[in-house]
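Descriptive structure summary
So the chains spell out like this:
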Amino acid sequence: MWGPMRSLLPFSFFALPCAAPTTVRVAGSSTVFPVVNAWAEAMNLSSEEIRIAGGGSSAGARRVCLPRDDPEHVDIGDMSREWKNSEALLLDDAYTWECVGSKNRVTQIEVGVDGLAVVVGKNTIAHDCLTSPEVGGLTLAMLHWIYSNWTNDQLADYGLNMASVIHNDDGDNVKEWSDISSQCDEVPINAYGPGSDSGTFDFFAETALCKDCLAGKPGYRREDFNWCPDNDQHALEHASALKTYMANGRPPNCYMASESDYQLVQWLTADPGGISYFGYAYYSIFAGELSTVRIASDRFLGVQETADAKVEPSTYTITDGSYSVFKRKLYVNVDNTAWDYVHPFLAFGFSSPGQALVSSVGYIRTNVARLAKMRARIAERGNDEADYVSIKPDTCPLGTELSAVPYVNQFGNPKTSYNCTLCPLGKFKFLDTPTPCTSCEGGKYTDVVGQTACQRCQVGFEAVDGLFCRACQPGFYKKETAAASCSPCSAGSFSNQSAQSDCLYCPPGHFSLQGSTTCAPCPINEMASFPGTTQCAQCGEGFFTTQEASTSCSRCGSGRYRSNESACLQCPGRMTTQYLAATTISDCVCPEGTVFNGDGRPGAGACENCMEGLDCILGSDLRNYESFLVGSDKELTFPRLIPGYISYPSEPTQVYKCGKNSHCPGGVPGTCARGRIGLACARCQAGQKFGVDHCKDCEPFDLLSFVASSIVTGCALPMFYYFMNSPMTAKASTILSTTMAFGMTLTLLQTIGLVGLVSLDWPSYMQPLMDFVSIFMLDLESLNFDCLGFSSAVRYCISVACWPGALLWLVACSVVSQLGPRRFRFAVAKLLSTIGQVFQIGFTIMSKTALMPFMCFSHPNGKSSVLRFTDVICWEGGEHSTMAVFGGLMTAIMAMFWAILLWAVLQAPRRSTQGDAFFLQATRFLFFRFRGDYWWYGAWFILRGPLLSLPVVVFTDVPAMQLLTMTAVLMVYMVIQLVAWPWKTPLINVADGAMSMMMILLLFIGSAFLDRLRDGEMQTYSVLAMGVLGMLYSVAFVLLCLVGLAFISRSAMGSKDELSILTLGKPPSNSMLMNALDAFCLSFGQADRKFLEHTIDELSAYDRRKLAAVLTTLAPYFDEGRMHLAHQLSVSTTSYNGPRKSLARMSTSTSTLLELEETKQKAEMLAVAGREEPRVEEPVPLIEPRSLEPPPTQAGDQISLQVLSTYV
């Protein structure tokens, strides 16, 4: 079909002038091969006229560059890529290349444009995966992963996002289609493609892989394709059954190469997991068997995350450039010596029919502009004037620089020659790069050409134009050799010589300007604190100096000020300043602890001492308070009340002290705790009671505690009568033991309550423990009595009236009892004893209550208030007068009661000797708790409450003296108690002594709270106080436990059968004492009087007292009348009914009614006295019965103590 076209050819291989026919030899790229082959077929050229071979782009470049006499040399080298620098050098016309080795010159002509297609076998697993909606193609990053021999970690280091590239990687280190997506089958990805000589291979590798890594450039990790072993490559090339080999023999993933594109097609169609690449034109031939893959240009992300479009190769996408990722140009490279016989061939190829053939084989023909240029090159038949490009040398020796010298070459074309010349003076170059020499920096010089470095001038010298060094002038310096030039001395330094390496700093107190040779001193009231000062600083207002060259300004001292004066001025009067360095007289204020009192006129007013209760901080001024009252917004400084004090807006300096700190929060005058009213915030409003820190409304049941207490007290008093006068044993009853322990507990709690009267700042968490005892002090506030809203005087009078009311109630109950059965009727003697016991239990409370109106503490303003009723001003008004009258009456009653006790103590020995049963029964409350030889201790013991209350009266404003006096009282009582050991029960003696000791400790610790303590000290003393209070309450708890034990054991107080814990050990038994007495009587009977006198004379004072105590204890039992009476009555020790039962067993000599009544009274007297007779059914007389006669009158005083000891 191309035969007729021969006539159209302008030249024919058969009509070459002056030469025999020559064979055109073509070799190279298999991609360009179809074009060249189509041209040859169209021209109907025989094998003698043209020979076309493949081999790849690298083979085409190599063979066209071979020497022309080499049999493998070709005239045209086909290439589907650009030349490499290692293959040829591009000349200055940009299309003539000179081969590196042979110096052959070739002309590069662009044939057309082709796209590289990535393909898989149609209907294979790879095809299904890549055409699925979830995948839909590949990115360059995914191709990189498929073809590279790098590991996943290495790819990640290069920048690939492996989590994006292989979404579904199973980690088995086998590249599988399922690693890309879970929608793909788990089949290995097998790579195919051209060999390394192919231009297609080079183009694909440089595009998909790391170009610099493939080239092995320094600094890059070497990368290559994952080549299959040679034996596996050979096995595949010679396999007869491809599908069987692909399924069983092919190693997974590795790269199988072939220079035959057709062979690659065969392999792909046989391998369900295969993927390859070659020219799009060749793909189009086998489009029925292969499928192209859409490609996105993203080099780092996978196909699912990339934002780049996935483009399928086609004629249109390659032409319009949208498929740019694998778009490439195709070239033929003509040996310039072969133009005479290859010209007709190429002239046809770039004619219109030839270009049509380019399109017919599937490539894109060259555009019109490029085609015109190519035709011009063909017509030119090689550019003989192509010259070397004047290339700058890559390096110039050290100390030389690149010089560009223009010249005209042999063809008359202007050119530039590049040479390396020595660096001139003042310049240097230390690199071997083709760059100009560098001028020496300031401070450096060179005095020889061709230097690699400049020399530095020494310190104190500077370089001049980089040629020589000169010395720095005075006022200048050069500290470092690297400095460019001498610098003027900075302000604050100087230099007075030449060639100096540094300037000297001006000393403190001096200054200098820049470039100075000397320093000047600072004038007065100016200073320079540091060396090197550039300018002296003015002393600011409030600062001064006294001489020139000062290094610092002194502050005007406290109480002094300065503005523009030459010296500081003193503030007037007692005034000081709030800070040092005050500037004006307006900065003068009153010092801390004082307050300014004046009318605002200049010079009027002065600083006055701050009154107690006011916090006069520095600068306090009463004038500011007046401004505060009218609503000034300024932060004004005036005396503020400290917590626990109050004053009123009309008289802010008239300060009252509140009862408790919680009543008065302090601050602005007139501020009480919420709800509190009255003078010194003394009470809550009617219907309210005081809580933790404010008054709160009373609830309906709040008065229940007061009402209930009144009812309980009313019921308890007659019960107390029967309790105190119930049947008892011969020595002491269980009930009396209980009363003694309970009374001791109340005494302890009441004593703690008296300590609470002392004005101490106990820690807040201790206050509940101190307030707890207020219940036992009959404090009406603890019973919510405040809810009734009575005034302080009324509340006090009610508390005073409680005691007479209680006694009158007892008398009334006695009168009412006379109307009842005989056994419930009150006896006069027992009633008196009950009244005395009530007085005795409440004596401490009564003393506190009676003395309360006289416990007047002073306010800072000179007035004084009652301690517990701070709204009652002492000795002013009717309220205090009323309270004083009631308090005086109660004091008189107490004095009268104690006088009666003193009379009873004095009468007791005689009355007990006379057997006055009424007297002993009426005074039993006074004597039953104590041993007989200390019968008087009750009258002494009861004075402890008043003695502890008196210090609060006498030293109300001096807590230290209160503590000292209370401590002295407790110590006196403790010493007397420890010496006397007066209580019948030994454990009560120990408890009494322990309580006194712990009370003394509590007072000692309380003294620490008189002063303001640091946090650590406060915590230490608080812990100690809590510990002592805990021990005191523990003693109270132990005593209450003894009450329970007494009810359980029901043994007489002080008897041999009493619990060992109460007697501090088990007392000796009867048999032991009898044996000891028998032995003593036997020895005593054998001794003469002289020996006895000698023995007694040798006894120590302590032993003499012990002997007297023994004789005192035994004497009453061996009294003649007493033993006769015991023989007659045989008094039982089990109950009060004992004497009545024994009456049936008395001798007939006492059977008359008169004798029975007399015997009954005496038996009751003995029972009251607490005597314990032997527990026998029948009396066993100790001596012969005698008539019962009283002892002689003159001896009554001598034995009265012994008788009382036995009775009580």
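The present account deals with the structure reproduced in this document. Because the structure is a prediction, the values reported are computed rather than measured.

Rules of the game
Residues numbered from 1 in each chain as written. Predicted model: local features only at pLDDT ≥ 70, side-chain atom pairs only at ≥ 80, totals over all residues. Heavy atoms only, no water. Helix = DSSP H or I, 4+ residues; strand = E, 2+ residues; numbered from the N terminus. Buried < 20%, exposed > 50% of the residue type's maximum accessible area, 1.4 Å probe, protein only. Contact = heavy atoms within 4.5 Å. Areas by Shrake-Rupley, 256 points an atom, 1.4 Å probe, with all protein chains shown as cover. Phe/Tyr/Trp six-rings, centres within 6.5 Å; stacked < 30°, edge-to-face > 60°. Disulfide = S-S within 2.5 Å. 1 Å grid on protein atoms, 1.4 Å probe; cavity = no way out; pocket = protein on both sides within 12 Å on 5 of 7 lines; lining within 4 Å. Points joined across faces, edges and corners; volume = space filled by probe spheres on them. Nonpolar A, V, L, I, M, F, W, Y, C, P; charged D, E, K, R; others polar. Axes fitted to C-alpha atoms, helices over the stretch in contact; angles between N-to-C directions. Parallel < 35°, antiparallel > 145°, perpendicular 65-115°, else oblique. Left-handed = near helix turned anticlockwise from the far one by under 90°. Salt bridge = Lys/Arg side-chain N within 4 Å of Asp/Glu carboxyl O. Polar contact = N/O pair within 3.5 Å; in protein donor to acceptor, adjacent residues only side chain to side chain. Pairing = 2+ DSSP bridges. Patch = residues over 30% accessible without salt bridge, like charges linked within 9 Å, V, L, I, M, F, W, Y side chains within 5 Å. Lys, Arg positive; Asp, Glu negative; His and termini not counted. Charge placed at Lys NZ, Arg CZ, Asp CG, Glu CD. Expected span 1.5 Å × (residues − 1).

**Description of the overall build of the protein chain**
When its secondary structure is counted, the protein chain shows 40 helices and 48 strands. Expressed as a percentage of the 1208 residues in the protein chain, the buried residues total 46%. Considering only residue pairs separated by 6 or more positions, the protein chain has 61% of its internal contacts joining residues 24 or more positions apart. For the protein chain, the computed accessible surface area is about 58500 Å², with 58% contributed by carbon and sulfur atoms.

**Some words on the packing of aromatic side chains**
Scanning all chains against the criterion turns up 38 aromatic pairs. Their ring planes at 75 degrees and their centres at 5.8 Å tell us that Y147 and Y277 sit as a pair that is edge-to-face. In this pair, Y147 sits in helix α4 (residues 140-147) while Y277 sits in strand β10 (residues 274-279), placing the two residues 130 residues apart along the sequence. Given a relative accessible area of 1%, Y147 falls into the buried group. Judged by relative accessible area, Y277 falls into the buried class, the value being 0%. Considering the side-chain rings of Y796 and F869, the 6.1 Å spacing of their centres and the 75 degrees angle between planes classify their relative orientation as edge-to-face.

**What to know about the state of the cysteines**
On inspection of all chains with the given rule, the structure shows 21 disulfides. In this model, C457 is linked to C469 through a disulfide, with the two sulfur atoms separated by 1.9 Å. Taking the sign of the S-S torsion, -85 degrees for the link of C457 and C469, the bridge is left-handed. Of the two residues, C457 is situated in the loop between β20 (455-456) and β21 (461-464) and C469 in strand β22 (residues 468-471); the sequence distance between them amounts to 12 residues. Since its relative accessible area comes to 1%, C457 is described here as buried. The thiol of C813 is not disulfide-bonded; the next cysteine sulfur, from C715, is found 9.0 Å away.

**Some details on empty space enclosed by the protein**
Inspection of every chain in the model, using the stated rule, returns 10 cavities of 30 Å³ or more. Here the largest cavity is characterised by a volume of approximately 180 Å³. Lining the largest cavity are 16 residues; nearest its centre among them are T747, Q840, I841, T844 and F941. Put simply, the parts of the chain that give the lining of the largest cavity at least two residues each are α20 (734-755), α23 (828-841), α24 (843-851) and α29 (944-954). For the lining of the largest cavity, the class distribution of residues is 7 nonpolar, 7 polar and 2 charged.

**Here's the deal with the packing of helix α22 (residues 792-817) against helix α25 (residues 877-914)**
Two measures define how a pair of helices packs: the angle their axes make with one another and the distance between the axes. At a minimum axis distance of 9 Å, the contact between α22 and α25 shows a crossing angle of 10 degrees. Between α22 and α25, the interaxial angle falls into the category roughly parallel. Regarding α22 and α25, the two cross each other, and that crossing is left-handed. Residues A793, Y796, C797, V800 and W803 of α22 pack against E879, T882, M883, F886, G887 and M890 of α25. A per-class count over the contact of α22 with α25 returns 8 nonpolar, 2 polar and 1 charged.

**Structural notes on the pattern of salt bridges**
Taken as a whole, this structure holds 22 salt bridges when the rule is applied. Among the salt bridges present, the one from E98 reaches K103, with a minimum N-O distance of 3.8 Å.

**Details of unusual backbone geometry**
Not every positive phi belongs to a glycine, and N253 is a case in point at roughly 75 degrees. Along the chain, N253 turns up in the loop between α11 (242-248) and β9 (255-257). Take N253: its relative accessible area is 8%, and that puts it in the buried class. Positive phi outside glycine occurs at N525, with the angle close to 65 degrees. In this fold, N525 is placed in the loop between β28 (520-521) and β29 (526-527). N525 sits in the buried class, given a relative accessible area of 12%.

**Remarks on the packing of helix α1 (residues 33-42) against helix α16 (residues 352-360)**
Where α1 contacts α16, the two axes come as close as 9 Å, and the packing angle between them is 135 degrees. By the angle between their directions, the pair α1 and α16 is classed as oblique. For the pair α1 and α16, the sense of crossing is right-handed. Along its contact with α1, which presents V35, A38, W39 and A42, the element α16 presents G354, L357 and V358. A breakdown of the residues in the contact of α1 with α16 according to their chemical character gives 6 nonpolar, 1 polar and no charged.

**Notes on the side chain of N333**
In this structure, N333 sits in strand β13 (residues 327-335). Among the polar contacts listed, one links the side chain of N333 to the side chain of W83, at a separation of 3.0 Å. Other than its neighbours up to four places away in sequence, N333 contacts V64, D75, I76, G77, M79, W83, V106, T107 and Q108.

**Regarding the pairing of β10**
In terms of burial, β10 is largely enclosed, as 6 of its 6 residues are buried. Taken together, the 2 bridges between strand β8 (residues 190-193) and β10 define a ladder with parallel strand orientation. Directly across from A191, in β10, lies its bridge partner I275.

**A look at a negative patch on the surface**
Judged by side-chain charge, D169, D170, D172 and E186 come together as a negatively charged surface patch. The residue D172 is located in the loop between α6 (162-165) and α7 (177-180) in this model. Take D172: its relative accessible area is 32%, and that puts it in the partly exposed class.

**Re a nonpolar patch on the surface**
On the surface, a nonpolar cluster with roughly 540 Å² of combined accessible area is contributed by L422, L425, V448, V449, L467 and F468. Examined against the element boundaries, L422 turns out to sit in strand β16 (residues 414-422).

**A few points about α23**
The terminal C-alpha atoms of α23, which comprises 14 residues, lie 20 Å apart, in line with the 20 Å expected from a rise of 1.5 Å per residue. Taking burial as the measure, the 14 residues of α23 include 10 buried ones, the bulk of the element. Within the span of α23, buried status applies to A829, L831, S833, T834, I835, G836, Q837, V838, F839 and Q840.

**Re the pairing of strand β3 (residues 76-79)**
In β3, alternate side chains face the same way, and those of I76 and D78 on one face and G77 and M79 on the other are all buried. Pairing analysis gives 3 bridges linking strand β1 (residues 24-28) to β3, with the strands arranged parallel. Of the residues in β3, the one forming a bridge with G28 is D78. Summarising the sheet, β3 and β13 pair through 4 bridges and their orientation is antiparallel. Across the sheet, residue I76 finds its bridge partner in β13, namely V334.

**Notes on the side chain of T576**
Structurally, T576 can be placed in strand β35 (residues 576-577). Within the structure, T576 has its side chain in polar contact with the backbone nitrogen of G559 (distance 3.4 Å). With residues near it in sequence (within four places) discarded, T576 still touches S558, G559, C571, D587, C588, V589, C590, P591 and L618.

**Examining the environment of E565**
Take E565: it is sitting in the loop between β33 (560-561) and β34 (569-570). For the pair E565 and E541, spaced 24 residues apart in sequence, the C-alpha separation works out to 8.9 Å.

**Considerations on the environment of E82**
Structurally, E82 can be placed in the loop between β3 and β4 (88-90). In this structure E82 comes out as partly exposed when scored by relative accessible area, which is 40%. The spatial distance from the C-alpha of E82 to the C-alpha of Q108 is 9.5 Å, given a sequence separation of 26 residues. The residues contacting E82, other than those within four sequence positions of it, are W97, Q108 and Y331.

**A few points about the environment of G195**
Locating G195 in the fold gives a position in the loop between β8 and α8 (199-208). Owing to a relative accessible area of 6%, G195 belongs among the buried residues under this scheme. Between the alpha carbons of G195 and G56 there is a distance of 8.3 Å; along the sequence they are 139 residues apart. In this structure G195 touches F201, A257, S258 and E259, once residues within four positions along its chain are discounted.

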